[in-house]
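This is what each chain is made of:
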Amino acid sequence: MPKSPPTQEEVARHKQANVMLSRVAGSLYWMSRYLERAENLARLVDVNLQIILDFGQVSDETMKEHWLPILRSTGDEDLFFQLYEVADSESVMEFVTFRQENPNSLLTCIGNARENARQVRDQISSEMWEVLNDAYHFIKNSDPENIWDGGASAFYDQIKYYSHLFQGITVSTFSRNEGFEFIQFGKYLERADKTTRLMDMKYHILLPKVTDVGGAVDAAQWQAVLRSASAVEPYRRFYVADILFAKVIEFLIFEDTFPRSLMFCLQQMDDFAHLIAGTPAGEYRSEGEHRFGKFLNNLNFTTTKDIIGRGLHEFLAEVQREIGALGEHLYTTFMYHPPVDMQAEIRFHQQQEQQQQ
Amino acid sequence: MLFDNYQPENFFDEMFTANGVTRPHYRSVAAALNDVEPNEFRNKQSAVEASFMRGGVTFTVYSDSQGTERIFPFDCVPRVIAAEEWEIVEKGLIQRITALNLFLHDIYHEQKIIKDRIIPPQYVLSAKHFRREFMHIEVPKDIYVHICGTDLIRDKDGRYLVLEDNLRCPSGASYMLENRAALKRTFPELFKASGVHSVSNYPAELLKVMQYCAPANFKANDAPNCVLLTPGVFNSAYFEHAFLARQMGIPIVEGRDLVVRDFKVYMRTTAGLVKVDVIYRRIDDDFLDPSVFRADSLLGVPGLVNAYRAGNVSLANSIGTGVADDKVVYYFVPHMIKYYLGEDPILPNVDTYLASEPKDCAHILANLDKLVVKSANEAGGYGMLMGPWASKAEIEEFRVMIEDNPRNFIAQDPISLSRHPTWTGDQFEGRHIDLRPYILYGEKIIVTPGGLTRVALKKGSLVVNSSQGGGSKDTWVLRNSVPE
């Protein structure tokens, strides 16, 4: 049967559905990034709290060594010591979880995710909004002492749970339109960045003695890194053997079936960047796309051995730069419009009005 | 039995007659509620509040520096309006908005109503929201007010009276819809026996109104791009703006998302500039276009008014409608109905005195302690003197203000607003209520069968505004009449 021509209403619907404000794209992107950031923070703190339990008696100094890498990985070490004297479990946990002054605290991240969602409430499903709102009220109504007494793990699990719930709801309630692409791109960009920082954290953790490399403490620390990426079980499925440094980084960098590995995240970023720009898969047109394509291609010919030879820390720094560059490129191209010069606009329209008369 | 100790006292009670008999149209609701245990009622009440908080069904309190979001308190007992009562209300509202639209067209064109001495010219020309700049501008389909929220009250005899018309950016329609959804979740059993009109068509009807009012030069077989213009997330009604945009499936935009070029409005999208044809604006005239109105406003869009004048974009509501919700102009609405339609008003005004009429003014100044005084252009319960409850100092303050600027004040006899059983936490007590139905003016005039019933939660208070501690109720219009 021939299809009848679309009614005026159908045309209107179609047109509306395909229009996305730049500001909206930006809000969806940041909403997604902030929530992913919060989830990763929750993972880090939780895993660190558990590692400490494995160590039995710890001195103030070793306690500090345990927590500093977390602060360094988010770049907030200076700010922390402006607010606190000692870095121990309680002070770091409070700083990372509740401090409003900390732009990377859980409270700030979830607050920002919710605030961005509020800007685009007409675009996201009610269920998505409700989860963010719930998460925000949950953390706002919690306080450090309660968490400390009531089991920190349950608290951080709940944050992760909100994030997972949000992603599941997004997948099952959000239309596969442009907005979805910005949400996914933001999520994988943030996750890729955090996976590099997670691995880099190990670089900052000092081992008691140089000879401990490959020893029990080293293995426990690498296991913690895996655990904070929910990767212990998948890792074991691949490498039944012990937790080995080279295998761990190979898994976390190259295992492209695992959804938190660097490769997986980079490929997703690449896919969604193509969808957003409307560039066919495999092609790289603008300068920004070109740069990322080249980087991905090089990475495909890099081995774990190359990375170790060159230095893991240096490699991770490069990855962070490239991720940042692609994010910046998409942001300036699609999400950001320079603010209008109000005074110039007002003059312009007043003149135009006079010419009309 | 929850209603056993309920006292209608000396008020018109919506649910019970003076001798305590349940009114027929409330019988099924009363019977169902009577079976509910106080504890159960309490639980349901807090479940609704939690779900509003969770859904972010909140408004923002400007004066409150602590957690600026609050839910609009919701009372689970619905307000029920009998079918035949609603028929009158509906007719009255249609009559009123028809006359108001004719008035607006007239006042921005020939001004016959002034020439024929029905309304003294100074009242219109001095109205704060009269927009001289819009004289002789044609608006699509000659419709000025597309969305109107008219506040109704019932007096001690149960008569419906018009308290005021909101012809600029009336808010609350989202609460009407959310209240219904909340009550359906909480007390589904209440609905079963009653036969209640649905209100859920409101957003669809609103979108139709917008599409109908596309610019006159718009190609007939093309579909207009509609948007909702909001001042932004910090506005107290932002929840409502986002809610309505979502329900209509149209973009919600801020001033910074729009730009005007060649007398056309565009929005800035990921695919470049896209033309906008119809704007449901939730920004007052003053802030709409800084190149014409307030230059210090960052909320609006420079050039929007030029585009509007050029007929390239439609606004709902049109610019300049505020002249008709000036409280002094309100006084003349019954005259307008007579003048334009040759009919008697179906819904009367509250008796009103104008401070700028010497005779009325003398009466007002002599009776300040007995009257309610309102300034002409304030809303939300601000700028009011409730004479019988006011302190000496407040009364004297208003006396000075009225003498200084009589044009800005009206006075009314205090009305004993009708009351409605309302949950106080452990029992039902009578609380004063009003009603804001929503009227949409497009191809037809549609009065949504329901509205927002606001309730003064404080005992004895007559002020129902959310900003002054009021709450709200779901409002039911029954489909069929109920036998006595």
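Not measured: the values here are computed from a predicted model. (Residues numbered from 1 in each chain as written. Chains lettered and ligands numbered in written order. Predicted model: local features only at pLDDT ≥ 70, side-chain atom pairs only at ≥ 80, totals over all residues. Heavy atoms only, no water.)

**Q** Looking at this structure, how should I read the overall build of chain A?
**A** Secondary structure assignment for chain A yields 18 helices and zero strands. Oriented by its inertia axes, the alpha-carbon framework of chain A measures out at about 85 × 50 × 50 Å. Taking all 357 residues of chain A together, 53% fall into the buried category. Of all intrachain contacts in chain A linking residues separated by at least 6 positions in sequence, the fraction that spans at least 24 positions is 64%. Here chain A has roughly 17000 Å² of accessible surface; of this, 51% comes from carbon and sulfur atoms. Counting 34 positive and 51 negative side-chain charges, chain A places the averaged centre of each group 4 Å from the other. (Helix = DSSP H or I, 4+ residues; strand = E, 2+ residues; numbered from the N terminus. Buried < 20%, exposed > 50% of the residue type's maximum accessible area, 1.4 Å probe, protein only. Contact = heavy atoms within 4.5 Å. Areas by Shrake-Rupley, 256 points an atom, 1.4 Å probe, with all protein chains shown as cover. Lys, Arg positive; Asp, Glu negative; His and termini not counted. Charge placed at Lys NZ, Arg CZ, Asp CG, Glu CD.)

**Q** When you look at the overall build of chain B in this model, what are you seeing that I'm missing?
**A** Along its length, chain B carries 15 helices and 22 strands. Its C-alpha atoms give chain B a radius of gyration of 23 Å, within 12% of the compact-globule value 23 Å for 484 residues. Seen through its C-alpha atoms, chain B measures out along the principal axes to roughly 70 × 60 × 50 Å. The buried share of chain B, reckoned over its 484 residues, is 61%. When contacts within chain B are restricted to residue pairs at least 6 apart in sequence, those whose partners lie at least 24 apart make up 69%. As presented, chain B carries roughly 18800 Å² of accessible surface, and 51% of it is formed by carbon and sulfur atoms. (Rg over C-alpha atoms; globule rule 2.2 N^0.38 Å.)

**Q** Would you mind showing me how to read the pattern of salt bridges here?
**A** Side-chain pairs of opposite charge can arise whenever the charged atoms involved come near each other. Tallying each qualifying case throughout the model produces 52 salt bridges over all chains. One salt bridge connects Asp474 of chain B with Arg180 of chain B, and the closest N-O pair in it is separated by 2.9 Å. Taken together, the residues Asp474 of chain B in strand 22 (residues 470-477) and Arg180 of chain B in helix 6 (residues 173-186) connect sequence positions 294 residues apart. For Asp474 of chain B, a relative accessible area of 2% corresponds to the buried category. Taken together, the salt bridges that share partners define one network made up of Arg33, Arg37, Glu190, Asp193, Lys194 and Arg197 of chain A. (Salt bridge = Lys/Arg side-chain N within 4 Å of Asp/Glu carboxyl O.)

**Q** What am I meant to see in the interface of chain A and chain B here?
**A** In many reports, interface size means the accessible area that the parts give up when they come together. Taken together, the contact between chain A and chain B spans 42 residues of the former and 48 residues of the latter. Summing the contributions of chain A and of chain B, the shared interface buries around 4100 Å²; its carbon and sulfur component is 48%. Seen at the junction of chain A and chain B, the total is five salt bridges. The shortest N-O distance in the salt bridge between Arg23 of chain A and Asp257 of chain B comes to 2.6 Å. Where chain A packs against chain B, one counts 23 residue pairs in polar contact (both at pLDDT 80 or more). Going through the elements one at a time, helix 1 (8-17), helix 2 (22-54), helix 6 (106-119), helix 7 (126-140), helix 10 (178-204) and helix 18 (342-356) of chain A are the ones with two or more residues in the side of chain A that touches chain B. Broken down by element, the side of chain A that touches chain B gets its largest block of residues, nine residues, from helix 18 of chain A. Split into classes, the residues belonging to the side of chain A that touches chain B amount to 17 nonpolar, twelve polar and 13 charged. (Buried area = accessible area lost by both parts, 1.4 Å probe. Polar contact = N/O pair within 3.5 Å; in protein donor to acceptor, adjacent residues only side chain to side chain. Nonpolar A, V, L, I, M, F, W, Y, C, P; charged D, E, K, R; others polar.)

**Q** What exactly am I supposed to notice about unusual backbone geometry here?
**A** Trans is the prevailing form of peptide bonds, just as negative phi is the prevailing case for residues other than glycine. Residues and elements named next belong to chain B. Each neighbour pair has its own omega, and for Ala316 with Asn317 the value is -10 degrees, a cis peptide bond. Relative to the elements of secondary structure, Asn317 occurs in the loop between strand 12 (314-316) and helix 12 (327-330). Notably, His136 is not glycine yet its phi reads approximately 65 degrees, a positive angle. Relative to the helices and strands, His136 is located in the loop between helix 5 (121-125) and strand 4 (147-154). Using a relative accessible area of 55% as the deciding quantity, one classes His136 as exposed.

**Q** What is the right way to look at the confidence of the model for chain B in this model?
**A** Summarising the model, chain B shows a mean pLDDT of 91, and 97% of its residues fall at 70 or more. Scored as a complex, the prediction yields pTM 0.88 and ipTM 0.80. (pLDDT = per-residue confidence, 0-100.)

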